[in-house]
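The residues making up each chain are set out below.
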Amino acid sequence: MTDNKAEAMGSLQKALSLEPALPGVQFRAALVYNHFGDVDHTLQSLHKATASGLPVSLLKDTPDFDPLRTNPRFQAILRGTK
């Protein structure tokens, strides 16, 4: 992942327009949003990803999300609630 936000967001929007319901696409979206410090969109994408079948264990095992561990919305996603 690069720090070129415009390029990353362009690629992300293209992926989301092609396969918005795929859990893996939403998970990667969360990684991109998280990389650029967009907590709200990160959490929205994580919620969509897990609601679409992404295993919660993947969130727990991804160090990129360590700064979110104490966030109540992140905790709710881990519990399977909104």
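To be clear, the structure that these remarks concern was listed above.
Residues numbered from 1 in each chain as written. Predicted model: local features only at pLDDT ≥ 70, side-chain atom pairs only at ≥ 80, totals over all residues. Heavy atoms only, no water.

A. Spotlight on the layout of surface pockets. Estimates place the volume of the largest pocket at around 200 Å³. Together, twelve residues line the largest pocket, and A8, S11, L12, R28 and V32 are the ones closest to its centre. Secondary structure elements with two or more residues in the lining of the largest pocket: α1 (5-18) and α2 (23-35). Of the residues assigned to the lining of the largest pocket, the class counts are eight nonpolar, two polar and two charged. (1 Å grid on protein atoms, 1.4 Å probe; cavity = no way out; pocket = protein on both sides within 12 Å on 5 of 7 lines; lining within 4 Å. Points joined across faces, edges and corners; volume = space filled by probe spheres on them. Helix = DSSP H or I, 4+ residues; strand = E, 2+ residues; numbered from the N terminus. Nonpolar A, V, L, I, M, F, W, Y, C, P; charged D, E, K, R; others polar.)

B. Examining the pattern of salt bridges more closely. In this structure the tally under the stated criterion is two salt bridges. Put simply, R73 and D40 hold a salt bridge, and the shortest N to O gap is 2.9 Å. Of this pair, R73 sits in helix α5 (residues 72-79) while D40 sits in helix α3 (residues 39-51), placing them 33 residues apart in sequence. Residue classification places D40 among the partly exposed residues on the basis of a relative accessible area of 36%. (Salt bridge = Lys/Arg side-chain N within 4 Å of Asp/Glu carboxyl O. Buried < 20%, exposed > 50% of the residue type's maximum accessible area, 1.4 Å probe, protein only.)

C. Geometry of the nonpolar core. Ranked by size, the top nonpolar core spans 13 residues in total, and within it F27, L43, L46, L59, F65 and F74 carry the most contacts. For this core, the elements supplying multiple residues, two or more each, are α2, α3 and α5. Once residues lying within four places of it in the same chain are set aside, the contact partners of F27 are L46, A49, L54, L58, L59, T62 and F65. Within the second largest apolar cluster, eight residues are counted, among which are L16, A29, V32 and Y33. (Core = buried A, V, L, I, M, F, W, Y, C linked by side-chain atoms within 4.5 Å. Contact = heavy atoms within 4.5 Å.)

D. Representation of the packing of α1 against α2 within the structure. At their nearest, the axes of α1 and α2 sit 10 Å apart, and the two run at 160° to each other. Between α1 and α2, the crossing angle belongs to the class labelled roughly antiparallel. Seen from above, α1 lies across α2 with left-handed handedness. Here α1 contributes A8, M9, L12, Q13, A15 and L16 to the contact with α2, which in turn contributes V25, Q26, A29, V32 and Y33. Here the residues of the contact of α1 with α2 are counted per class, giving nine nonpolar, two polar and no charged. (Axes fitted to C-alpha atoms, helices over the stretch in contact; angles between N-to-C directions. Parallel < 35°, antiparallel > 145°, perpendicular 65-115°, else oblique. Left-handed = near helix turned anticlockwise from the far one by under 90°.)

E. A look at the packing of aromatic side chains. Per the counting criterion, the structure on display carries two aromatic pairs. Pairing F65 with F74 gives two aromatic rings, centres 6.4 Å apart and planes at 40°, and the pair type is tilted. Assigned by exposure class, F65 and F74 land together as buried. Three or more aromatic residues joined by ring pairs make a cluster, and in this case those are F27, F65 and F74. (Phe/Tyr/Trp six-rings, centres within 6.5 Å; stacked < 30°, edge-to-face > 60°.)

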